[in-house]
Amino acid sequence: MNREVTKAVFPVAGLGTRFLPATKSVPKEIMTLVDRPLIQYAIDEARAAGIKEFIFVTSRGKGALEDYFDHAPQLEAELEKKGKTKLLNTLKSTNMESGAIAYIRQHKALGLGHAVWCARRLIGDEPFAVILPDDVIAADKPCLQQMVEAYAETGGNMVAAMEVPLEKTSSYGMLDVAEDMGSMVRIRGMVEKPKENPPSNLAVIGRYILSPSVLNNLHEMKSGAGGEIQLTDAIAEEIRSDRGVYGYRFAGQRFDCGSKSGFLQATVAFGLARPELHDDLAAYLHEVVNLGKAAE
């Protein structure tokens, strides 16, 4: 029987330079998608998957991110006094209990692999998840929950995967598939951001369930693509072990909220999904489209 996955690592040390000047003072992870910060979507997804311990790998200037998960007694008391029960419940859902969340500093920007390695002492010898908050996934069943359920059958290591156009494969870690089993694929190789001849069009996106042995692979601190310590390289080393590596085609739509266009697309999609916002937003978008056609 495979061990239960109860720990998750959230690499949030990036500077968010693509969103300057906003990120000069606001951590990218608490920029709001409709009315919830990006990090809240990641936390909610982790909770739905049964995660109990949340490990944040941060850097200087992320104090607002840490404060976000703290209790706000004065604000809670004010909402309770005014009888705003719905808002009060929403606010309380963002709180993290003492001991459930830990923060670790990544002092040098050496890549995703290095960020995960920084959390090694808190992970110990347990399987763990990694969630990249930039990747927001709209799904009926949260992506990580889908993966945890599949992992219960396979064990080993698992990465979330989706098909991408061939002209975009140089932006992703790409999978070399040994066996395609539908929603699951068994992997015989991984290539980080191939400049040409990708092994497939199946790309890794920001959800992982990993064996603690990946941390041993990262300990060697080998530089990969872009001169950084790549997590995909450490995972690829697991292919030669009896633990195996699998790709999981999740059901859902992924938005790259690390880019401005992806963030805007997610804002529209999540806004339209909200019943109280749908009609006004849909009408506005229809008006914009019609104005564009008239201008042509």
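From a predicted model like this one, the values you see are computed outputs, not experimental measurements.

Visitor: I'd like a description of the side chain of Ser-59, backed by residues and values.
Guide: Relative to the assigned elements, Ser-59 resides in the loop between strand 4 (53-58) and helix 2 (63-68). In terms of polar contacts, Ser-59 uses its side chain to reach the backbone carbonyl oxygen of Ala-13, at 2.8 Å. Non-local contacts of Ser-59, meaning those with residues more than four positions away in its chain, are made with Ala-13, Arg-105 and Gln-106.

Visitor: Give me the side chain of Lys-7: which residues, what numbers.
Guide: Position of Lys-7 relative to the elements: it lies in strand 1 (residues 7-11). Accessibility expressed as a relative area gives 7% for Lys-7, which makes it buried. For Lys-7, the side chain forms a polar contact with the main-chain oxygen of Leu-122, separated by 2.6 Å.

Visitor: Talk me through the pairing of strand 4; I want residue IDs and the actual numbers.
Guide: A large share of strand 4 lies buried, amounting to five of its six residues. Where strand 1 lies against strand 4, five bridges are found, and the strand directions are parallel. Of the residues in strand 4, the one forming a bridge with Lys-7 is Glu-53. Where strand 4 lies against strand 5 (residues 101-105), five bridges are found, and the strand directions are parallel. The partner of Ile-55 across the bridge, within strand 5, is Ala-102.

Visitor: For the environment of Gly-113, give the residues involved together with the corresponding values.
Guide: Looking at the secondary structure, you find Gly-113 in helix 5 (residues 112-117). Gly-113 sits 76 residues away from Pro-37 along the chain, and the two C-alpha atoms are 24 Å apart.

Visitor: Go over the pairing of strand 6 (residues 128-131), please, and point to the residues and values.
Guide: Because side chains alternate across strand 6, one face comprises the buried residues Phe-128 and Val-130, and the other comprises Ala-129 and Ile-131, equally buried. Pairing of strand 6 with strand 11 (residues 202-210) involves four bridges; the strand directions are antiparallel. Bridge pairing in strand 11 links Ala-129 to Ile-209.

Visitor: Explain unusual backbone geometry residue by residue, including any values.
Guide: A cis amide bond links Leu-20 to the next residue, Pro-21, at an omega of 10 degrees. Unusually for a residue other than glycine, Lys-193 sits at a positive phi of about 50 degrees. Along the chain, Lys-193 falls in the loop between strand 10 (184-192) and strand 11. A positive phi is found at Asn-197, a non-glycine position, where the angle reads about 50 degrees. If you trace the backbone, Asn-197 turns up in the loop between strand 10 and strand 11. For Asn-197, a relative accessible area of 69% gives the class exposed.

Visitor: Any chance you could break down the state of the cysteines for me, citing the residues and the numbers?
Guide: Counting across every chain of the model gives zero disulfides. No disulfide involves Cys-143; its nearest neighbouring cysteine sulfur is the one of Cys-257, lying 14 Å away.

Visitor: So what about the confidence of the model for the chain? Which residues, and what values?
Guide: On average, residues of the chain carry a pLDDT of 89, and 97% of them reach 70 or more. Mean pLDDT values over the elements of the chain span from 84, in helix 2, up to 97, in strand 6.

Visitor: Pulling in residues and values, what's your account of the packing of aromatic side chains?
Guide: Scanning all chains against the criterion turns up eight aromatic pairs. Plain terms: the ring middles of Phe-10 and Phe-54 are 6.2 Å apart, the flat faces sit at 25 degrees to each other, and that makes the pair stacked. With Phe-10 in strand 1 and Phe-54 in strand 4, the pair connects residues that are 44 residues apart, well separated along the chain. Among the residues examined, Phe-54 registers a relative accessible area of 4% and is labelled buried. Ring centres of Phe-19 and Phe-263 lie 5.7 Å apart, and the angle between their planes is 65 degrees; on these two criteria the pair is classed as edge-to-face. Taken as a pair, Phe-19 in the loop between strand 1 and strand 2 (32-33) and Phe-263 in helix 10 (residues 260-272) lie far apart in primary sequence, 244 residues in all. The pair formed by Phe-19 and Phe-263 is uniform in burial state, with each residue classed as buried. Grouping aromatic residues by their ring pairs yields a cluster made of Phe-10, Phe-54, Phe-56, Tyr-68, Phe-69 and Tyr-103.

Visitor: How would you sum up the pattern of salt bridges? Please name residues and give values.
Guide: Counted by the stated rule, this structure contains 16 salt bridges. Glu-149 is paired through a salt bridge with Lys-141; the nearest N and O atoms lie 3.0 Å apart. Note on Glu-149: relative accessible area 40%, which makes it partly exposed. Each of Asp-35, Arg-274 and Glu-276 takes part in salt bridges that share partners, so that together they form one network.

Here is what the cut-offs are and how they apply
Residues numbered from 1 in each chain as written. Predicted model: local features only at pLDDT ≥ 70, side-chain atom pairs only at ≥ 80, totals over all residues. Heavy atoms only, no water. Helix = DSSP H or I, 4+ residues; strand = E, 2+ residues; numbered from the N terminus. Polar contact = N/O pair within 3.5 Å; in protein donor to acceptor, adjacent residues only side chain to side chain. Contact = heavy atoms within 4.5 Å. Buried < 20%, exposed > 50% of the residue type's maximum accessible area, 1.4 Å probe, protein only. Pairing = 2+ DSSP bridges. Disulfide = S-S within 2.5 Å. pLDDT = per-residue confidence, 0-100. Phe/Tyr/Trp six-rings, centres within 6.5 Å; stacked < 30°, edge-to-face > 60°. Salt bridge = Lys/Arg side-chain N within 4 Å of Asp/Glu carboxyl O.

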